[in-house]
Amino acid sequence: MIKVERLRKLYGEIAAVDDAAFTAHAGEIFGLLGPNGAGKTTTIGCISGLLTPTAGRVLVDGHDVVRQGTAARRSIGVVPQELALYEDLTATENLEYWGGAQGMRNPGLKQRIGKVLELTGLQDRAREPVKRYSGGMKRRLHFACGIVHQPK
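Reading the values: rules and limits
Residues numbered from 1 in each chain as written. Predicted model: local features only at pLDDT ≥ 70, side-chain atom pairs only at ≥ 80, totals over all residues. Heavy atoms only, no water. Pairing = 2+ DSSP bridges. Helix = DSSP H or I, 4+ residues; strand = E, 2+ residues; numbered from the N terminus. Contact = heavy atoms within 4.5 Å. Axes fitted to C-alpha atoms, helices over the stretch in contact; angles between N-to-C directions. Buried < 20%, exposed > 50% of the residue type's maximum accessible area, 1.4 Å probe, protein only. Phe/Tyr/Trp six-rings, centres within 6.5 Å; stacked < 30°, edge-to-face > 60°. Lys NZ or Arg CZ within 6 Å of the ring centre and 35° of its normal. Parallel < 35°, antiparallel > 145°, perpendicular 65-115°, else oblique. Left-handed = near helix turned anticlockwise from the far one by under 90°. Nonpolar A, V, L, I, M, F, W, Y, C, P; charged D, E, K, R; others polar.

1. Description of the sheet that holds strand S3 (residues 55–60)
Strand-to-strand pairing in sheets goes through backbone hydrogen bonds, with the strands running parallel or antiparallel.
Working step 1: As summarised here, the arrangement of the 4 strands in space is S2-S1-S3-S4, forming an open sheet in which the pairing is antiparallel. Only two strands of the sheet have a single neighbouring strand rather than two, namely strand S2 (14–24) and strand S4 (63–64).
Working step 2: Here S3 runs beside S4; their pairing, made up of 2 bridges, is antiparallel. From the neighbouring strand, Leu59 faces S4, where its bridge partner is Asp64.
Working step 3: Helix-sheet contacts for helix H1 (residues 40–48) involve strand S1 (2–11), S2 and S3, and the interaxial angle to S1 is about 120°.

2. With respect to H1
Working step 1: Among the residues of H1, those classed as buried are Thr42, Thr43, Gly45, Cys46, Ile47 and Ser48.
Working step 2: Against S1, S2, S3 and helix H2 (69–74) lie the buried residues of H1.
Working step 3: Within two residues after H1, Gly49 carries a phi angle of roughly 85°, on the positive side.

3. Re the packing of aromatic side chains
Working step 1: With the rule as written, the count across this model stands at 4 aromatic pairs.
Working step 2: Residues Tyr86 and Tyr97 carry aromatic rings whose centres are separated by 5.2 Å and whose planes lie at 80° to one another, so their mutual orientation is edge-to-face. Of the two residues, Tyr86 is situated in the loop between H2 and helix H3 (91–101) and Tyr97 in helix H3; the sequence distance between them amounts to 11 residues.
Working step 3: Residue classification places Tyr97 among the partly exposed positions, given a relative accessible area of 40%.
Working step 4: Each ring, one from Tyr86 and one from Trp98, has its centre 6.5 Å from the other, and the planes form 25°; the classification is stacked. Separated by 12 residues along the polypeptide, Tyr86 in the loop between H2 and H3 and Trp98 in helix H3 bring together distant segments of the chain.
Working step 5: Its relative accessible area of 40% is what places Tyr86 among the partly exposed residues.
Working step 6: Of the aromatic side chains, those joined through ring pairs into one cluster are Tyr86, Tyr97 and Trp98.
Working step 7: If you follow Lys9 out to its NZ or CZ, it ends over the ring of Tyr11, 5.4 Å from the centre.

4. Considerations on the packing of H3 against helix H5 (residues 135–147)
Pairs of packed helices are described in terms of their axes, by the angle between the two and the distance that separates them.
Working step 1: The contact between H3 and H5 brings their axes to 9 Å, and the two run at 30°. Relative to H5, the element H3 lies roughly parallel. In the crossing of H3 with H5, the sense of the turn from one axis to the other is right-handed. Counting all contacts with H3, which are made through Ala91, Asn94, Leu95 and Trp98, the residues of H5 involved are Leu141, Ala144 and Cys145.
Working step 2: Split into classes, the residues belonging to the contact of H3 with H5 amount to 6 nonpolar, 1 polar and no charged.

This is the structure in structure tokens:
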């Protein structure tokens, strides 16, 4: 579950997010919609721990993202709008990197990489440099990197 309570994020005197509050329950599809400049990206940044809220509180799986950031980040998978892949590396190497960044180690990491490659249909191209992938294949790998650590 993700719970946002009275979230506020200021950049100087400009409020990018002002008093946002919502709860997204486990197993629920939740959309964060609004016009350009509404604070959607800033809100996601605060939820994922990339940005520190000016005020309010964000809980991910019961963990406060400011006080218990590591535990909160283990429970969430983020797939940003822009691709976050290393194009000279293979799919397997990208997944090893992102899994390692989440604290995963072998042999569990190798097993999980095999599962997400199968899930995304990339197992046959796992050892090929990402720069040779089509746009759709890169999107699938990008998604795989966001779920390799099995977020709730």
